[in-house]
Amino acid sequence: MKKKVLSVLMASTMALSLVACGGGAKQEAPAEPAATEAPAAEEKAEEPAAEEKTEETTEETATEDTSAASGDLIKVGIINNDPNESGYRTANDADLKAMFTEANGYDAKFAYSLKNDEQITAAQGFIQDEVDYLLLSAADTAGWDSVLKDAQDAGVKVILFDRTIDADPSLYEASIVSDMAKEGEMAVEWLAGQGLDEYNIIHIQGVMGSAAQQGRSGALSDKVAAESTWNLVTQQTAEWNAEKAQQIVQSVIDAGTPFNVIYAENDDMAKGAVAALDAAGISHGVGKDVIVMGYDCNKWALEELLAQNWNYDGQCNPFQASYIDEIIKTLESGGTLSEKTIIMDEKGFDAETITQDDVDKYGI
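Residues numbered from 1 in each chain as written. Predicted model: local features only at pLDDT ≥ 70, side-chain atom pairs only at ≥ 80, totals over all residues. Heavy atoms only, no water.

Peer 1: Give me the overall build of the protein: which residues, what numbers.
Peer 2: Scanning the protein for helices and strands turns up 12 helices and 14 strands. Out of the 364 residues in the protein, the part that is buried amounts to 54%. (Helix = DSSP H or I, 4+ residues; strand = E, 2+ residues; numbered from the N terminus. Buried < 20%, exposed > 50% of the residue type's maximum accessible area, 1.4 Å probe, protein only.)

In structure tokens form, the structure reads like this:
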């Protein structure tokens, strides 16, 4: 498909330096906030609508003038997880929709699903529609080689965001992602620093096979295997869902099995776990019976840390759209990308050191 270089927009260079692994992200670095440094987290809330849906952006401001002045719009197909999956995902979807508008030079369509096969079907549809770029946050890390090869053969450039996949890097142009394994390592390192005589952990996992689940589970599983004083009371998926997490914790309470740590792979599941603790009259938070850990840095979750009702929360940065926009502009202008992989700058927050400024700045 013939593409024209956008005039003023496409002439812009990547004013912000792209972030390499461990580098600074677009988000402004804090003045050494009370947080452990490095990455931390992501995902889930209400029962997700697994059914895929496609919608068209409806930005109407200045579209005619922009199209006339800048030439053809860049066609973009964006495949994401259900926006209702979590506070993280809602923020991520809103960030993408704010960027990929006609006013900014894009003709963008969106497809959503928590199922890999439905996402692959959506990708095939976008390829048939002859989009210029396919943006992908995969539900599962596996199974993408064939459709990405189809995209490459059709001249469609693929950019990954939010999550990595198990595919040959030659099949995509760039990835703007969180280092989920680093998130898990940082959280487990923080937990080890609490110096408990014994760790009896309820491990609540996200959707199995997703990059977030694999990264956040991996570090904990490794630690449990290496340390005799670290025990998994139970390890189950709640699929990012608060109600399912509450049921898991309630079943452990009902069984009378001792535990002193809740390790939930997103804030919503931590919230569900805490609901079960509250119902049973079990104390939680700083200096209490149970340590509570979550991921994503929803503002309400960071407020729980500030009140010392939770102990730890790992950040997962959802704001990837500006990086993707810069990459597309560079490619459209014939430029070469300085980095193929951009690791989002992320942190972990401790209830004993977090500040109101941290809540206001990093809460999503």
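Peer 1: Give me the lowdown on the confidence of the model for the protein, citing residues and values where you can.
Peer 2: Confidence along the protein averages 85 in pLDDT terms, with 80% of residues attaining 70 or more. Note on residues 1–70: pLDDT is under 50 here. Beyond four places in sequence and across chains, it has 211 contacts. (pLDDT = per-residue confidence, 0-100. Contact = heavy atoms within 4.5 Å.)

Peer 1: Which residues make up the pattern of salt bridges, and what are the values?
Peer 2: Scanning the entire structure with this criterion turns up 12 salt bridges. Between Lys-97 and Asp-93 there is a salt bridge whose closest N-O contact spans 3.5 Å. One end of the pair is Lys-97 and the other is Asp-93, both in helix 3 (residues 87–99) and 4 residues apart, which spans about a single turn. With a shortest N-O distance of 3.8 Å, Lys-109 and Asp-107 are connected by a salt bridge. (Salt bridge = Lys/Arg side-chain N within 4 Å of Asp/Glu carboxyl O.)

Peer 1: How would you sum up the nonpolar core? Please name residues and give values.
Peer 2: Nonpolar side chains in soluble globular proteins tend to be buried together. Judged by nonpolar contacts, the single largest core of 36 residues is most densely connected at Ile-202, Ile-204, Val-249, Phe-259, Ile-262 and Leu-277. Listed by contribution, the elements that provide at least two residues to this core are strand 8 (199–205), helix 7 (211–226), helix 8 (242–255), strand 10 (261–264), helix 9 (267–280), helix 10 (299–306) and helix 12 (356–362). Tallying contributions element by element places helix 9 first for this core, with 6 residues. (Core = buried A, V, L, I, M, F, W, Y, C linked by side-chain atoms within 4.5 Å.)

Peer 1: Explain helix 5 (residues 145–153) to me, using residue names and the numbers behind them.
Peer 2: Taken together, the buried positions of helix 5 are occupied by Val-147, Leu-148 and Ala-151. In an axial view of helix 5, the angular spread of the buried residues amounts to 100 degrees, which keeps them on one side of the axis. Helix 5 presents Ser-146 and Asp-153 as exposed residues on the side facing more than 90 degrees away from its buried surface. Downstream of helix 5 by a residue or two, Gly-155 has a phi angle that is positive, lying close to 80 degrees. (Arc of directions from axis to C-beta.)

Peer 1: Which residues make up the packing of helix 6 (residues 180–192) against helix 7, and what values do they have?
Peer 2: The interhelical angle for the contact between helix 6 and helix 7, taken along N-to-C directions, is 35 degrees, at an axis separation of 7 Å. In the packing of helix 6 onto helix 7, the handedness of the crossing is right-handed. On helix 7, the residues that touch Met-180, Ala-181, Glu-183, Gly-184, Glu-185, Val-188 and Ala-192 of helix 6 are Ala-211, Ala-212, Gly-215, Arg-216, Ala-219, Leu-220 and Lys-223. Among the residues forming the contact of helix 6 with helix 7, the class breakdown is 8 nonpolar, 2 polar and 4 charged. (Axes fitted to C-alpha atoms, helices over the stretch in contact; angles between N-to-C directions. Left-handed = near helix turned anticlockwise from the far one by under 90°. Nonpolar A, V, L, I, M, F, W, Y, C, P; charged D, E, K, R; others polar.)

Peer 1: Go over the environment of Thr-234 with me, naming the residues and quoting the values.
Peer 2: Tracing the backbone shows Thr-234 in strand 9 (residues 230–237). For the pair Thr-234 and Ile-201, spaced 33 residues apart in the sequence, the C-alpha separation amounts to 7.1 Å. A polar contact is formed between the side chain of Thr-234 and the side chain of Gln-236, at a distance of 2.9 Å. (Polar contact = N/O pair within 3.5 Å; in protein donor to acceptor, adjacent residues only side chain to side chain.)

Peer 1: Give a description of the environment of Gly-184 that names residues and reports values.
Peer 2: The topology assignment puts Gly-184 in helix 6. Here the alpha-carbon distance between Gly-184 and Tyr-295, two residues 111 residues apart in the chain, equals 9.6 Å. Apart from the residues lying within four places of it in its own chain, the contact partners of Gly-184 are Gly-215, Arg-216, Ala-219, Tyr-263 and Tyr-295.

Peer 1: Report on unusual backbone geometry, specifying residues and quantitative values.
Peer 2: Even without a glycine there, the phi angle at Glu-239 is positive, about 55 degrees. Among the structural elements, Glu-239 can be located in the loop between strand 9 and helix 8. A residue is classified by how much of its surface remains accessible, and Glu-239, at 35% relative accessible area, is partly exposed. Here Cys-297, not a glycine, exhibits a phi torsion of approximately 65 degrees, which is positive. Its place among the elements puts Cys-297 in the loop between strand 11 (291–296) and helix 10.

Peer 1: Requested: an account of the packing of aromatic side chains, with residues and values cited.
Peer 2: Tallied over the entire structure, the rule returns 7 aromatic pairs. An angle of 70 degrees between the planes, with centres 4.7 Å apart, marks the rings of Phe-100 and Tyr-106 as edge-to-face. As far as the burial class goes, Phe-100 and Tyr-106 line up, both buried. Judged by centre distance (4.1 Å) and plane angle (20 degrees), the rings of Tyr-199 and Trp-230 are stacked. Of this pair, Tyr-199 sits in strand 8 while Trp-230 is found in strand 9, placing the two residues 31 residues apart along the sequence. (Phe/Tyr/Trp six-rings, centres within 6.5 Å; stacked < 30°, edge-to-face > 60°.)

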